[in-house]
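# Overview (structure and organization)
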Amino acid sequence: SGCGSRPPPAMEDALEAFRQTMRQAVQDAEVAVSAKQAEFLQVVQRIQQGRQTLANEESALEEERAELERHQEQLRIQQEEVSRLREEVNGRGLFGCCSRPPPPQADRQLDFPPDV
């Protein structure tokens, strides 16, 4: 057995079997990594979709909040008007609307027929 001699056939067969096993293990590992990568990408996609959904819902809530504030302001104005009218009516008494003349209206013009 010299330096350049070949290993015995049984050892060559074992070495080839080991190489084949290693190639198969590498291929299996690549398949497993690819599967995990695909699974990870799906999770990332679902998270991004969830974020977009949340952003859309947040925008809709902001619009609803703004609309609610507008309605509350309109209601406040209407309540002030009702309170003002109540004060006017209560200040006149039960028959106040009949006994007291209406407030003067400066912009009201009287139309009289022309003299003939």
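What counts as what
- Residues numbered from 1 in each chain as written.
- Predicted model: local features only at pLDDT ≥ 70, side-chain atom pairs only at ≥ 80, totals over all residues.
- Heavy atoms only, no water.
- Helix = DSSP H or I, 4+ residues; strand = E, 2+ residues; numbered from the N terminus.
- Buried < 20%, exposed > 50% of the residue type's maximum accessible area, 1.4 Å probe, protein only.
- Areas by Shrake-Rupley, 256 points an atom, 1.4 Å probe, with all protein chains shown as cover.
- Patch = residues over 30% accessible without salt bridge, like charges linked within 9 Å, V, L, I, M, F, W, Y side chains within 5 Å.
- Salt bridge = Lys/Arg side-chain N within 4 Å of Asp/Glu carboxyl O.

### A few points about the overall build of the chain
Of the regular secondary structure elements, the chain holds 2 helices and 0 strands. Taken across its 116 residues, the chain has 1% of its residues classed as buried. Counting only carbon and sulfur atoms, one obtains 57% of the accessible surface of the chain, whose full area is about 11,300 Å².

### Thoughts on a nonpolar patch on the surface
On the surface, a nonpolar cluster with roughly 290 Å² of combined accessible area is contributed by Leu-15, Phe-18 and Met-22. Structurally, Phe-18 is set in helix H1 (residues 9-92).

### Comments concerning the pattern of salt bridges
Using the criterion set out here, one finds 8 salt bridges in the structure. Across the pair Arg-23 and Glu-16 runs a salt bridge whose closest N-O atoms are separated by 3.7 Å. The class for Glu-16 is partly exposed, based on a relative accessible area of 38%.

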